[in-house]
Structure formats: structure tokens, C-alpha cells
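Spelled out from the first residue to the last, the chains are:
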Amino acid sequence: MVRDEEKRAQQDQRFRSGFIALVGRTNVGKSTLLNTLLSQKVAITSPKPQTTRNRITGIKTLPTAQLIFLDTPGIHRPYSKLNRYMVDIALVALQEVDLIVFMTDASVEHSLAADAEILERLRAVSTPVFLVLNKVDLVPKPQLLPLIAAYKERFPFAEIIPLSALTGENTERLIEQIIAYLPEGPCYFPPEQATDQPEAFFIAELIREKVFQQTHQEVPYSVAVVVEEITENERGVLHIPATIYVERDSQKGILIGRGGQRLKQIGQAAREEIERLLGTKVYLNLWVKVRKNWTEDERWVKELGHFTS
């Protein structure tokens, strides 16, 4: 009996690693959860739907495990080539991981009905699926039990975990349960690494986030950001030239603003966050250019959306 307990203890101490897809509809909090789990920002966030366009990798290394999260674009009905690429990325991720964390917004009425199509797609995969009910800080506790019961009836989830990505409530339990389901494996990335995204991509995403925060209505969905070659001068200041692309001249005018004030505000907010995250002084030079209907042009969708396939 003692030997059995020792054997189980040794098995529990073996290093585990694996890939975990964060999937769900748009705006349920996947990127916020990723940043909370990593205790640092690797994905941009916004109240606007479809903020995440590409797959973002977040890496959490613990003494006994390495968790590699794939934050995917929200699954939605695509209405342009850009949106179709985004949905395809999310669906492909389901086939490449050891565990799927399906997120929904517990504070939204009729969330189960809205999730029905995605749950049907999940039936086609053999990977274990967790249900994460997010934003429970906004939901009276008595309302959670019937919601959990309703989801249980609809899909055979491996685990169901209510939490708040914003406050961090119950996120430690999610980490514990994920580790329990991961296979034994190597440390795929250096322990200090939090993402595999190139620096230029991350900076472009931060600039796009500030555009989201400064503009309204249709402008954010037609915005792409390309960071040119980053250089460093003799004083250690990074020079970052970046171009913001939009689809129409009217959108360019909105982004620049009267007397260039809005573009200046976007640049200042982006520069301050880039400096804070990189720990160095930055000179950020922004331009705005029009690329007519780029979200419907496959070549430009790949180039401006940073899609590689």
C-alpha cells in the first residue's frame, strides 16, 4: 500500500506539458483570460467583437508543468475573407491540441443557444473539452447552477469551471485541472518565455488595440497595422515606424482627426504601453494609408492580417 502511494506521488511529480486551445464566440473574454493566467499581457483586449484576428500563443511554465495556450479568434458567421480566415484559424486549432477550453459569457442571456453551433463542431473532436463560464462576477450565484445544468445536458464536458477572467476568481482551479489532463512531456519553451510572437507583431497589435480604444463603429474592423524595420540608436532608443491601413478615405480622416489630434493620441497611448512592456524608450512614427477593400482581397488579408497560410 505504501509503495502504491509512493508510485502515485512519483507519477504526479512527473513533468507535464501540452497545448490548450481557448475557443468560443467573439467577446467572451478569451484574451483577458490568457493575460490573467500568464500574469502579463500577450494578447490585446477590447470590448469590441473580433479583436483577436490571429492565433496568439501564451506560455505558462510552472515547476511541474508547461501550459501552452492558443488564444484563437472568436468563432462567428464570417462575412468577409478576413473573417473566414479568422474562423478557419480557430477551427484548425481544435485538431492540434491536447485540451480544449471552451469559453462562454455567463452574464449574457441565451448564451447556450448562441453556442449551439460551436458545440456541434466540438462533437467531431476526441480531445477533452472544458467548459469555462466566464464573468461570474456579474452573475448572481443562484443563476449559475441551472446554467451549468443546461450546458451539461447539451455536451459531455470533461470539466466545468465558473470563473472571472477579469478578477482572477477561480483561475487557479482552472490551472490545476488543466495540468491534471495534460500528458507527460518536455518543456517546449524556455521557462522565462511567455509567448512566441515576434516583437514586431506584438507592437502592431498594441497599436491596433489603441485604435480600437480611440475610434468607434466601423473603423476598427477595417484596420490593419504593419510595423516596418525596428532600429535602435546609440542612446538605446527604439525607432519604430508603423503604417495603419484602412479601407476608405473617410476612415483615414477619422483616424487622423482634426489637426492630426486623434492619430497623436493613438501614438502616445501606444508608445507609453510599448515602453512599459519593453522597458526602454521608444520613438513611434505612425502613418495612415488607404488600401481599398483589403478585407476582401485574399493577398492583402494574408499580408496585412499577418496570416501565414
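Residues numbered from 1 in each chain as written. Predicted model: local features only at pLDDT ≥ 70, side-chain atom pairs only at ≥ 80, totals over all residues. Heavy atoms only, no water.

(A) Structural view of the nonpolar core. If you look at the biggest cluster of nonpolar residues, it comprises 27 residues, and the most contacted ones within it are Ile20, Leu33, Leu67, Phe69, Val101, Leu174 and Ile178. When residues of this core are traced back to their parent elements, those giving at least two are β1 (16-24), α2 (30-38), β3 (65-71), β4 (99-105), β5 (129-134) and α6 (171-181). Of all hydrophobic cores here, the second largest spans 24 residues; its members include Ala21, Val125, Leu133 and Phe157. (Core = buried A, V, L, I, M, F, W, Y, C linked by side-chain atoms within 4.5 Å. Buried < 20%, exposed > 50% of the residue type's maximum accessible area, 1.4 Å probe, protein only. Helix = DSSP H or I, 4+ residues; strand = E, 2+ residues; numbered from the N terminus.)

(B) Focus on the packing of helix α4 (residues 111-122) against helix α5 (residues 141-154). Put simply, α4 and α5 touch, their axes get as near as 11 Å, and they point 25° apart. The orientation of α4 with respect to α5, classified from their angle, is roughly parallel. Crossing hand, α4 versus α5: right-handed. Listed contacts from α5 to Ser111, Leu112, Asp115, Ala116 and Leu119 of α4 are Leu147, Ala150, Tyr151 and Arg154. Tallied by class, residues from the contact of α4 with α5 come to six nonpolar, one polar and two charged. (Axes fitted to C-alpha atoms, helices over the stretch in contact; angles between N-to-C directions. Parallel < 35°, antiparallel > 145°, perpendicular 65-115°, else oblique. Left-handed = near helix turned anticlockwise from the far one by under 90°. Contact = heavy atoms within 4.5 Å. Nonpolar A, V, L, I, M, F, W, Y, C, P; charged D, E, K, R; others polar.)

(C) Region of the structure containing the packing of helix α7 (residues 199-214) against helix α9 (residues 261-278). The contact between α7 and α9 brings their axes to 9 Å, and the two run at 135°. Between α7 and α9, the angle falls in the class oblique. Where α7 crosses over α9, the handedness of that crossing is right-handed. Across from Glu199, Phe202, Ile203, Leu206, Ile207, Glu209, Lys210, Val211 and Gln214 in α7, the residues of α9 making contact are Arg262, Gln265, Ile266, Ala269, Ala270, Glu273, Ile274, Leu277 and Leu278. Broken down by class, the residue content of the contact of α7 with α9 amounts to eleven nonpolar, two polar and five charged.

(D) View of the sheet that holds β3. Strand order in the open sheet formed by six strands is β2-β3-β1-β4-β5-β6, and the pairing between neighbours is mixed. Each edge of the open sheet carries a strand with a single partner, namely β2 (56-62) and β6 (159-162). Averaged over all neighbouring strand pairs, the angle between strand axes comes to 25°, with direction disregarded. Pairing geometry for β2 and β3, over seven bridges, is antiparallel. Considered in β3, the bridge of Ile59 is made with Ile68. (Pairing = 2+ DSSP bridges.)

(E) Fine view of the pattern of salt bridges. In the structure shown here, the tally under the stated rule is twelve salt bridges. Its salt-bridge partner being Lys41, residue Glu273 comes within 2.8 Å of it at the nearest N-O pair. Taken together, the residues span a long stretch of sequence, with Glu273 in helix α9 and Lys41 in the loop between α2 and β2 at a distance of 232 residues. Within the structure, one salt-bridge network assembled from shared partners comprises Lys41, Glu209, Lys210 and Glu273. (Salt bridge = Lys/Arg side-chain N within 4 Å of Asp/Glu carboxyl O.)

(F) Region of interest: unusual backbone geometry. Unlike most non-glycine residues, Ser39 shows phi in positive territory, near 60°. Considering the arrangement of structural elements, one finds Ser39 in the loop between α2 and β2. Judged by relative accessible area, Ser39 falls into the exposed class, the value being 64%. With phi around 65°, Lys135 is a residue other than glycine that occupies positive phi space. Relative to the assigned elements, Lys135 resides in the loop between β5 and α5. What makes Lys135 partly exposed here is its relative accessible area of 22%.

(G) Representation of α9 in the model. Look at α9: 25 Å from first C-alpha to last across 18 residues, which is about the 26 Å you get at 1.5 Å a residue. All of the buried residues in α9 are Leu263, Ile266, Gly267, Ala270, Glu273, Ile274 and Glu275. The secondary structure elements touched by the buried residues of α9 are α7, β9 (238-246), α8 (249-256) and β10 (282-290). Just downstream of α9 lies Gly279, where phi reads positive at about 70°. (Expected span 1.5 Å × (residues − 1).)

(H) Spotlight on the packing of aromatic side chains. Taken as a whole and judged by the stated rule, the model has four aromatic pairs. On the basis of an interplanar angle of 85° and a centroid distance of 5.0 Å, the ring pair of Phe130 and Tyr181 is categorised as edge-to-face. Pair noted here: Phe130 is in strand β5 and Tyr181 is in helix α6, with a separation of 51 residues, a long-range link. Ring geometry for Phe155 and Phe157: centres 4.8 Å apart, planes at 50°, overall tilted. Given the relative accessible area of 13%, Phe157 is considered buried. (Phe/Tyr/Trp six-rings, centres within 6.5 Å; stacked < 30°, edge-to-face > 60°.)

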